[in-house]
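# Summary of structural features
Here is how the chains run, residue by residue.
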Amino acid sequence: MTMADTTALAKRRYRLGLSLFLGSTRWLRWVMLAWVVLTPFLSVLLISAIETGLWTITATVFQWFVACTAGMLLYQTLPGTLAKGVTRRELTVAYLVFGVLASIGTAAIVTAGFAAEHALLAVFAEPLDTWGQTLADGARYVLIAPIYFFTGVLIGAAALRFGGNHWFTAIVLVAAAGHYAGILALEFGSYDTAVAAWAAVALAVTAVLVAGTAATLRSIPVRAKRV
């Protein structure tokens, strides 16, 4: 194996992570377009009925689209990816890269949406908050988006690892419900007076999800193909 081959092999995990991100973006492009274009205008039209605006609500829904896409992508492609010679270590790094890119992209879109909603409300109604607070509300999704993403990936990995067990579905449903309640508390709870503590909790949750995903991916057995 030449040095060029060794370098290309070492970078394969990063190329795979980028490929996963670009592929999921293409998959979600129409959902993203409809969400970004329509929601700020609907917020203006419905502001008398929904005083919090629609963007915050739909941002949560969109992040579940991202989480489900990541989890299903892992579930559907992992056996074939391993069969092509990609190692579990490479796959773990690839999904970390995918998660970073997806989280940054999601946070950027959410922040832009908050800004668009604020601008339209300033023209046609009454802004929900100041420009500074509006941008801060969007920026905090840099720490919220990874929680959604790696929740989806962990469920996908766990489905591959434990999906044949009868207790798996029940545990996932119960755990996901409790976990989702925790995410909502972080996402919609007050963070202005304790930003450091809020950020620490968000980072700790993400770290647990990443560690759980890595451990699960490393333990997935390679099953023989059925003939």
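Residues numbered from 1 in each chain as written. Predicted model: local features only at pLDDT ≥ 70, side-chain atom pairs only at ≥ 80, totals over all residues. Heavy atoms only, no water.

### A look at the confidence of the model for the protein
As a general rule, the predicted coordinates of low-pLDDT regions are not to be interpreted in detail. Put simply, the rule is: Per-residue confidence from the predictor is reported as pLDDT, a score between 0 and 100. To qualify as a helix, a DSSP run of H or I must reach at least 4 residues; to qualify as a strand, a run of E must reach at least 2; elements of each kind are numbered from the N terminus.
With 90% of its residues at a pLDDT of 70 or more, the protein shows a mean pLDDT of 84. Considering each helix and strand of the protein separately, the mean pLDDT is smallest for helix α6 (residues 167–188), with a value of 77, and largest for helix α3 (residues 88–124), with 92.

### Regarding the pattern of salt bridges
Counted only if it meets this: A pair is scored as a salt bridge if a Lys or Arg side-chain nitrogen falls within 4 Å of a carboxyl oxygen belonging to Asp or Glu.
Considering all chains together, one arrives at 2 salt bridges under this definition. With its nearest N and O atoms 2.7 Å apart, the salt bridge here joins Arg12 to Glu90. Placement of the pair is Arg12 in helix α1 (residues 3–45) and Glu90 in helix α3, with a sequence separation of 78 residues. For the salt bridge of Asp137 with Arg140, the shortest nitrogen-to-oxygen distance reads 3.9 Å.

### What about the packing of aromatic side chains?
Threshold: Side-chain rings of Phe, Tyr and Trp, where Trp is taken by its six-membered ring, are said to pair if the distance between their centres is within 6.5 Å; with planes under 30 degrees apart they count as stacked, over 60 as edge-to-face, and otherwise as tilted.
Tallied over the entire structure, the rule returns 7 aromatic pairs. The rings of Tyr95, Phe98, Phe149 and Phe150 are connected pair by pair, giving a single aromatic cluster.

### Looking at α6
Filter applied, for reference: Residue count minus one, scaled by 1.5 Å, sets the expected span of a helix. Contact definition: two residues touch when any of their heavy atoms are within 4.5 Å.
Taking 1.5 Å as the rise per residue, α6 with 22 residues should run 32 Å; its terminal C-alpha atoms sit 32 Å apart, in good agreement. On its buried face, α6 is in contact with α2 (55–83), α5 (141–162) and α7 (195–218).

### As for the nonpolar core
Rule in force here: What we call a nonpolar core is a set of buried Ala, Val, Leu, Ile, Met, Phe, Trp, Tyr and Cys residues that are connected through their side-chain atoms within 4.5 Å. Burial classes follow relative accessibility: with a 1.4 Å probe on protein chains only, a residue under 20% of its type's maximum area counts as buried, one over 50% as exposed, and anything between as partly exposed.
In terms of nonpolar packing, the biggest core is built from 37 residues, with Leu74, Leu78 and Phe149 touching the most fellow members. Elements represented by at least two residues in this core include exactly α1, α2, α3, α5, α6 and α7. Counting residues per element, this core draws most heavily on α5, at 9 residues. Excluding residues that lie within four positions of it along the chain, Phe149 makes contacts with Val66, Ala67, Ala70, Tyr95, Phe98, Gly99, Ala102 and Ser103.

### A closer look at the side chain of Ser43
Mapped onto the secondary structure, Ser43 falls in helix α1. Excluding residues that lie within four positions of it along the chain, Ser43 makes contacts with Gly53, Leu54, Trp55, Glu117 and Leu121.

### Considering the packing of α3 against helix α4 (residues 131–139)
Going by this rule: Angles run from 0 to 180 degrees between N-to-C directions of axes, and those axes are lines fitted to C-alpha atoms, restricted for helices to the stretch in contact. Roughly parallel here means an angle under 35 degrees, roughly antiparallel means over 145, roughly perpendicular means 65 to 115, and every remaining angle is called oblique. Handedness of a crossing follows from how the near helix is turned relative to the far one, being left-handed for an anticlockwise turn of less than a right angle and right-handed for a clockwise one. Each residue gets one label: Ala, Val, Leu, Ile, Met, Phe, Trp, Tyr, Cys and Pro are nonpolar, Asp, Glu, Lys and Arg are charged, and the others, such as Gly, are polar.
Close contact between α3 and α4 brings their axes to 8 Å; oriented N to C, the two are set at 155°. Between α3 and α4, the crossing angle belongs to the class labelled roughly antiparallel. The two elements α3 and α4 cross, and the hand of that crossing is right-handed. For the pair α3 and α4, contact is made by Ala107, Val110, Thr111, Phe114, Ala115, His118 and Ala119 and by Trp131, Thr134, Leu135, Asp137, Gly138 and Ala139, respectively. Partitioned by chemical class, the residues of the contact of α3 with α4 number 8 nonpolar, 4 polar and 1 charged.

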